[in-house]
Amino acid sequence: MSTISDQLMLAEHKQARQILAELSALLGAAAQPEIPLAFERKENMAITTTKTVRELAVELPHATRVFEKLGIDYCCGGGRPLEEACATAHIAVDDVVRALEQSTGNSASGNPRDWNAAPLGELVDHIVSKHHTYVKAEVPRLQALMTKVIGVHGKNHPELEQVHVAFCELAGELGGHLMKEEQILFPYIKQMAGGTGCGPSCFGTVQNPIHVMMLEHDSAGEKLREMREATQNYALPQDACVSYSTLFSALVEFEQDLHQHIHVENNILFPRAIELESR
Ligand SMILES: [Fe+2]
Ligand SMILES: [Fe+2]
């Protein structure tokens, strides 16, 4: 007899296969599987299964969308080779490579800006205007919506209270985190990037605040995981009303934005700032 965890694993696997199929359809995939694996044709493909998820997320313009859809951690846990991350997520690595290849070759919206090459000051401004502004607007909206949904459904769905606790902790942590970035770390990075020289900082090397920010990112990632687990991947119950479903959609969107936000900081901004300081 299979255990509950076996059944959950199987359900996740089925869900991943379904998402891959949808992704292929969205990306205009031709009938499968004659595309050979990337590692079999290294001369013209940059995708290899031994590269880390983080490397692929940085190198391929749309990789983060593919990883997000498949539930592959590309920000805080992005240091693992692709093949290992796929094994953990119970997804066939060749399917993921194929989805990555398709995402690279079939973009309807054009390639997003290459933040590896953009001026650092512009990258900082982008993070604040896109991601920080979004968090500040969404946190109060989601807290109000959550209170309303718990008021109606909390009795029948005690997991909502778990989500509420984790979200409030996350919101509290993010408040201080964004303030530290906007008032201390980011102005320092912009000053370095401006080439006008930096006065003495209160934190020594830029690696010190970056280290703290990355620890806080790990904690945020953990809260997002807690909420996803408590809701069994944001599965809506049969008695869910419109507010309930709006809340879950908004939480999924919040999670996606925070993953992208952390990825851009951990994997692009911070390494570039450390490299700039070392020159
Ligand atoms: Fe940030
Ligand atoms: Fe951050």
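Higher on the page you've got the structure.
Cut-off values and rules
- Residues numbered from 1 in each chain as written.
- Chains lettered and ligands numbered in written order.
- Predicted model: local features only at pLDDT ≥ 70, side-chain atom pairs only at ≥ 80, totals over all residues.
- Helix = DSSP H or I, 4+ residues; strand = E, 2+ residues; numbered from the N terminus.
- Buried ≥ 20, exposed ≤ 12 C-beta atoms within 10 Å, placed from the backbone.
- Expected span 1.5 Å × (residues − 1).
- Bend = angle between axes of the 7 residues up to and from the residue.
- Contact = placed C-beta atoms within 7 Å.
- Core = buried A, V, L, I, M, F, W, Y, C linked by C-beta atoms within 7 Å.
- Domains from an automatic or database assignment.
- Axes fitted to C-alpha atoms, helices over the stretch in contact; angles between N-to-C directions.
- Parallel < 35°, antiparallel > 145°, perpendicular 65-115°, else oblique.
- Left-handed = near helix turned anticlockwise from the far one by under 90°.
- Nonpolar A, V, L, I, M, F, W, Y, C, P; charged D, E, K, R; others polar.

Take the overall build of the protein chain next. The helix and strand tally for the protein chain stands at nine helices and zero strands. Reading the protein chain from its N terminus to its C terminus gives the helix and strand order α-α-α-α-α-α-α-α-α.

In this section: helix H3 (residues 63-70). H3 sits mainly inside the fold: six of its eight residues count as buried. If you check which residues of H3 are buried, you get Ala63, Thr64, Arg65, Val66, Phe67 and Leu70. Looking one or two places after H3, you find Gly71, whose phi comes out positive at around 75°.

Helix length check: helix H6 (residues 120-153), at 34 residues, gives a terminal C-alpha distance of 46 Å against a target of 50 Å (1.5 Å per residue), a fit within 8%. Maximal helix bending in H6 amounts to about 30°, located at Glu138; proline Pro140 follows within four positions. Buried residues of H6: Leu123, Val124, Ile127, Met146 and Val149, and no others. At its buried positions, H6 is contacted by helix H7 (159-194) and helix H9 (242-278).

Take the nonpolar core next. Formed by 37 residues in total, the largest nonpolar core has its most connected members in Val53, Leu56, Ala57, Ala63, Phe67, Val96 and Leu100. Each of two domains, domain 1 (4-105) and domain 2 (120-278), supplies a minimum of three residues to this core. Every residue in contact with Ala57, bar those within four places of it in the chain, is listed here: Ala63, Thr64, Phe67, Tyr74, Gly78, His263 and Asn267. Ranked by size, the runner-up nonpolar core spans twelve residues in total, among them Leu123, Ile127, Leu269 and Ala273.

Axes are the key here: two packed helices are described by the angle between their axes and the distance separating the axes. Running from N to C, H7 and helix H8 (residues 207-230) point in directions that differ by 160°, and their axes come no closer than 9 Å. Accordingly, the angle class assigned to the pair H7 and H8 is roughly antiparallel. Here H7 and H8 pass one another in a crossing that is left-handed. Within the contact of H7 with H8, the residues separate by chemical class into twelve nonpolar, three polar and seven charged.

Attention now moves to the environment of His217. Here His217 is to be found in helix H8. Note: C-alpha distance between His217 and Glu265 (48 residues apart in sequence) is 9.4 Å. Ignoring any residue separated from it by four or fewer positions in sequence, one finds His217 in contact with Cys76, Ile262 and Asn266.

What follows deals with the environment of Ile150. Within the element layout of this structure, Ile150 appears in helix H6. Taking the number of C-beta atoms within 10 Å as the measure of exposure, Ile150 has 17 and is therefore partly exposed. As for Ile150 and Tyr244, which are separated by 94 residues in sequence, their C-alpha atoms are 8.9 Å apart. Not counting the four nearest positions on each side in its chain, Ile150 is found in contact with Leu160, Glu161 and His164.

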